[in-house]
Amino acid sequence: MMRDHATIFTGFALAVLLTAIPFACVAGAWLSRDATLWLIGLCAIAQIAVHLHFFLGIGRRHRERAGSLAFTMVVAFIMVGGTIWVMANLNWRMGY
Amino acid sequence: MTMLSDTQTRSKESESDFGFWLYLMSDAILFGLIFATFVVMSPNLAGGPGGRDLFDLANLTLQTGLLLASSLTIALAHHTAANGRSIAATVFWMVLTALLGAGFLVLELRELAQFVSAGAGPQRSGYLSAFFTLVGTHGLHVAAGLIWIGTLIVQFMLRPASPAVLSRLARLTLFWHFLDIVWIGVFSLVYLPELI
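Analysis parameters
- Residues numbered from 1 in each chain as written.
- Chains lettered and ligands numbered in written order.
- Predicted model: local features only at pLDDT ≥ 70, side-chain atom pairs only at ≥ 80, totals over all residues.
- Helix = DSSP H or I, 4+ residues; strand = E, 2+ residues; numbered from the N terminus.
- Contact = placed C-beta atoms within 7 Å.
- Nonpolar A, V, L, I, M, F, W, Y, C, P; charged D, E, K, R; others polar.
- Domains from an automatic or database assignment.
- Expected span 1.5 Å × (residues − 1).
- Buried ≥ 20, exposed ≤ 12 C-beta atoms within 10 Å, placed from the backbone.
- Core = buried A, V, L, I, M, F, W, Y, C linked by C-beta atoms within 7 Å.
- Axes fitted to C-alpha atoms, helices over the stretch in contact; angles between N-to-C directions.
- Parallel < 35°, antiparallel > 145°, perpendicular 65-115°, else oblique.
- Left-handed = near helix turned anticlockwise from the far one by under 90°.

Participant: What's the story with the overall build of chain B in this structure? I'm lost.
Facilitator: The helix and strand tally for chain B stands at six helices and zero strands. Counting from the amino terminus, chain B carries its helices and strands in the arrangement α-α-α-α-α-α. When contacts within chain B are restricted to residue pairs at least 6 apart in sequence, long-range pairs at least 24 apart make up 83% of them.

As structure tokens, this is what we get:
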């Protein structure tokens with residue numbers, strides 16, 4: 001049971017770190033705009049992975065959750081990616 | 001005092017958890033599409049104010065901090081209850097979670113009200129319509145979560161040892177963590193890029 005406690009606090013510490021990095025970089029404006037955008041994106045993906053692993057049990061137990069999550073990501077990728085692709089293409093054809 | 005003793009209850013338990021998980025997955029697709037709408041609409045300012053003119057980093061940091069802290073407290077509430085520790089401790093963590101969530105919502109509503117009174121309401125531009133839809137949908141979920149926490153606090157005080165109540169707390173915990181994940185997307189995609 002102590003292991004559960006350790007999991008919660010490890011997850012929380014990583015989440016705080018991965019939130020603090022992009023906020024600090026935006027506040028401090030240390031990096032170029034592009035570098036900051038990349039950093040925000042990478043920290044977001046890493047933090048989502050941290051939440052899924054430490055708080056939602058993906059990759060620790062609950063294989064059925066991991067399977068349905070993978071399916072959800074495929075569906076979301078097709079619909080979100082497809083929407084953005086089609087609309088960007090339309091925008092381009094309209095000559096904007 | 002502690003958990004499910006017989007296998008049948010346990011398997012029913014894990015089935016309800018998985019059913020709720022599938023709801024969360026469908027909700028994730030809903031949010032994914034609202035994010036896609038936002039990305040498509042975000043260049044359409046129609047001469048109105050953009051995020052750069054509206055957003056406030058201090059407010060965003062505070063909101064994010066409150067929601068992140070509530071992620072910890074709800075995990076501790078569930079951990080305390082699942083290990084059969086004192087009801088008082090469980091209720092304490094749940095009340096703390098509700099307060100942090102309410103704080104988040106108050107800051108969000110205050111910010112949105114400021115936008116509307118500054119003439120930057122959802123009808124101003126495509127960008128603001130998409131912004132209000134995304135942030136508003138997330139805020140509605142948080143509000144629903146707060147009602148849920150409130151009812152569960154009462155149930156814990158009335159029927160502390162019931163496995164059914166514990167299983168509801170398990171699902172609330174999943175829901176709450178899910179909302180925090182959506183918020184990571186909101187601050188990373190909507191707010192921070194405008195504040196660079």
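Here the narrative resumes, following the displayed structure.
Participant: What is the right way to look at the overall build of chain A in this model?
Facilitator: A count of helical and extended segments in chain A gives three helices and zero strands. Going from N to C terminus, chain A has its helices and strands arranged as α-α-α. A principal-axis box enclosing the C-alpha atoms of chain A has dimensions of 60 × 40 × 10 Å. A sequence separation of at least 24 residues applies to 44% of the contacts in chain A between residues at least 6 apart.

Participant: Explain the interface of chain B and chain A to me, please; I cannot follow it from the model alone.
Facilitator: Interface extent is often summarised as the accessible area lost during association of the parts. Each partner contributes to the interface: chain B provides 33 residues, whereas chain A provides 35 residues. Counting residues per element, the ones that place at least two in the side of chain B that touches chain A are α1 (7–41), α3 (57–82) and α6 (163–195) of chain B. Per-element accounting of the side of chain B that touches chain A gives the leading share, twelve residues, to α1(B). Residues of the side of chain B that touches chain A, tallied by class, amount to 23 nonpolar, nine polar and one charged.

Participant: I tried to follow the domain arrangement of chain A on my own but got confused; where do I start?
Facilitator: According to the domain assignment, chain A consists of domain 1 (1–61) and domain 2 (63–96). Between the C-alpha centres of domain 1 of chain A and domain 2 of chain A there is a distance of 24 Å.

Participant: Explanation requested: the environment of B:Leu140 in the structure shown.
Facilitator: Among the structural elements, B:Leu140 can be located in helix α5 (residues 126–158). For B:Leu140 and B:Leu105, which are 35 residues apart along the polypeptide, the C-alpha to C-alpha distance reads 9.1 Å.

Participant: So what exactly am I meant to see when it comes to helix α3 (residues 63–93) of chain A here?
Facilitator: Given 3.6 residues per helical turn, the α-helix brings residues three or four places apart onto the same face. Residues and elements named next belong to chain A. With 31 residues, α3 should reach 45 Å at 1.5 Å per residue; the first-to-last C-alpha distance of 44 Å fits that figure. Counting buried residues along α3, only one of its 31 residues qualify, which leaves the element largely exposed. Phi turns positive, to about 80°, at Gly95, one or two residues after α3.

Participant: Could you clarify how one ought to interpret the nonpolar core in this entry?
Facilitator: Nonpolar side chains in soluble globular proteins generally cluster together in the buried interior. Of all hydrophobic cores here, the largest spans 62 residues; its most connected members are B:Phe131, B:Leu134 and B:Val186. For this core, the secondary-structure elements that each account for two or more residues are α1 (2–28) and α2 (33–55) of chain A together with α1, α3, α4 (87–117), α5 and α6 of chain B. In this view, B:Val186 contacts B:Leu134, B:Val135, B:His138 and B:Tyr191; residues no more than four positions away in its chain are not counted.

Participant: Just checking my understanding: could you explain the packing of α3(B) against α6(B) for this structure?
Facilitator: Between two packed helices, the angle of one axis relative to the other and the distance separating the axes together describe the packing. Residues and elements named next belong to chain B. Remark: α3 packs on α6, axes separated minimally by 10 Å, with the N-to-C direction vectors making an angle of 160°. It follows from the interaxial angle that α3 and α6 lie roughly antiparallel. Crossing handedness for the pair α3 and α6: left-handed. Residues that form the contact of α3 with α6 fall into these classes: 17 nonpolar, six polar and one charged.

Participant: Would you mind showing me how to read unusual backbone geometry here?
Facilitator: Residues apart from glycine generally show negative phi values, whereas peptide bonds are mostly found in trans. The backbone of A:Ala29 shows a phi angle near 50°, a positive value even though the residue is not glycine. Looking at where A:Ala29 falls in the secondary structure, it is placed in the loop between α1 and α2. The exposure class of A:Ala29 is exposed, given the 11 C-beta atoms found within 10 Å. At B:Ala46, a residue that is not glycine, the phi angle is positive and equals roughly 50°. With respect to the helices and strands, the residue B:Ala46 is situated in the loop between α1 and α2 (51–54).

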